[in-house]
Amino acid sequence: MSRVYETYPARAFEKLHGYDIEFEIKRRIADELNVAITSVLICGSAQIGESIHAGKPFDAARSDLDIAVVDKNLFIYLGLVAQTKTKDFQDLTSFPKLTGIDDVPSLYKNNYCRGFIHTFTLPSCEEKRKISDLFSSLTKQYVGKFTSISGSVYSTLQSFERKQAETVRLVK
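This report concerns the structure included in the present document. All figures in this text were calculated on a predicted structure; none of them were measured in a lab.

Our next topic: the overall build of the protein. Of the regular secondary structure elements, the protein holds eight helices and four strands. In sequence order, the secondary structure elements of the protein are arranged as α-α-α-β-α-β-α-α-β-α-β-α. Of all 172 residues assigned to the protein, the portion counted as buried reaches 44%. A separation threshold of at least 6 residues defines the contact pool for the protein, and within that pool the share at least 24 residues apart is 71%.

In this structure the tally under the stated criterion is seven aromatic pairs. Ring geometry for phenylalanine 95 against tyrosine 108: centres 5.6 Å apart, planes inclined by 50°, an arrangement best described as tilted. Placement of phenylalanine 95 in the loop between α5 (72-85) and α6 (104-113) and of tyrosine 108 in helix α6 is noted, with a sequence separation of 13 residues between them. With respect to class, phenylalanine 95 is no different from tyrosine 108; both count as buried. Geometrically, the ring pair formed by phenylalanine 116 and tyrosine 154 is stacked, given 5.5 Å between the ring centres and 25° between the ring planes. Here the residue phenylalanine 116 occupies a position in strand β3 (residues 116-118), and tyrosine 154 occupies one in strand β4 (residues 149-154), the gap between them amounting to 38 residues. A connected cluster of aromatic rings, assembled from ring pairs, spans Phe75, Phe89, Phe95, Tyr108 and Tyr112.

Another point: the packing of helix α3 (residues 19-33) against helix α7 (residues 126-141). Put simply, α3 and α7 touch, their axes get as near as 11 Å, and they point 160° apart. Considered as vectors, α3 and α7 are oriented roughly antiparallel to each other. Note that α3 runs across α7; the crossing there is right-handed. Between α3 and α7, the contacting residues are Ile25, Arg28, Ile29, Glu32 and Leu33 on the first element and Ile131, Leu134, Phe135, Ser137, Leu138 and Gln141 on the second. The class makeup of the residues in the contact of α3 with α7 is seven nonpolar, two polar and two charged.

Right, let's get into the pairing of β4. Of all six residues in β4, five are buried, a share of seventy percent or more. Of the pairings in the sheet, the one linking strand β2 (residues 65-70) to β4 comprises six bridges and is parallel in character. Within β4, the position partnered with aspartate 66 by the bridge is serine 150. As judged from the three bridges shared by β3 and β4, these two strands associate in the antiparallel manner. Opposite histidine 118, over in β4, you have serine 152 as the bridge partner.

Quick notes on the rules
Residues numbered from 1 in each chain as written. Predicted model: local features only at pLDDT ≥ 70, side-chain atom pairs only at ≥ 80, totals over all residues. Heavy atoms only, no water. Helix = DSSP H or I, 4+ residues; strand = E, 2+ residues; numbered from the N terminus. Buried < 20%, exposed > 50% of the residue type's maximum accessible area, 1.4 Å probe, protein only. Contact = heavy atoms within 4.5 Å. Phe/Tyr/Trp six-rings, centres within 6.5 Å; stacked < 30°, edge-to-face > 60°. Axes fitted to C-alpha atoms, helices over the stretch in contact; angles between N-to-C directions. Parallel < 35°, antiparallel > 145°, perpendicular 65-115°, else oblique. Left-handed = near helix turned anticlockwise from the far one by under 90°. Nonpolar A, V, L, I, M, F, W, Y, C, P; charged D, E, K, R; others polar. Pairing = 2+ DSSP bridges.

Right, here's the structure in full:
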């Protein structure tokens, strides 16, 4: 698992003939989130070359670019922001309403306990806006290469690897 995500180049960029694009995206995320560039990993179909869920090859016209930021300091910081914003999870009104997800606060807390944060589940706050703006800007910049670019933050590489292994198991 770690070999595929940590050392292999992302298959999407091989198909796009642009490893420079991978570097540009990783560098911008690293700079704006104040993490090491080696903390920014490509995952999903863009990394492995095909969608585990759909069993279809990566297709730039139809595929997303999923980013994993593995940084314990950012993970802890965002957790504290959510805790503060929600008054220790007593006021859940700042969590977003998301189509298809009945209980976003519970999803957020469950994922946090498992070592990751889907950034779209963060409660409304300045930090969420900055992260959303970053991924929105990247999506616009690389339109035609990916349908969207989004990210999650992981506490450790082990949490990231567990999540990837879980996804593979769920689909098989």
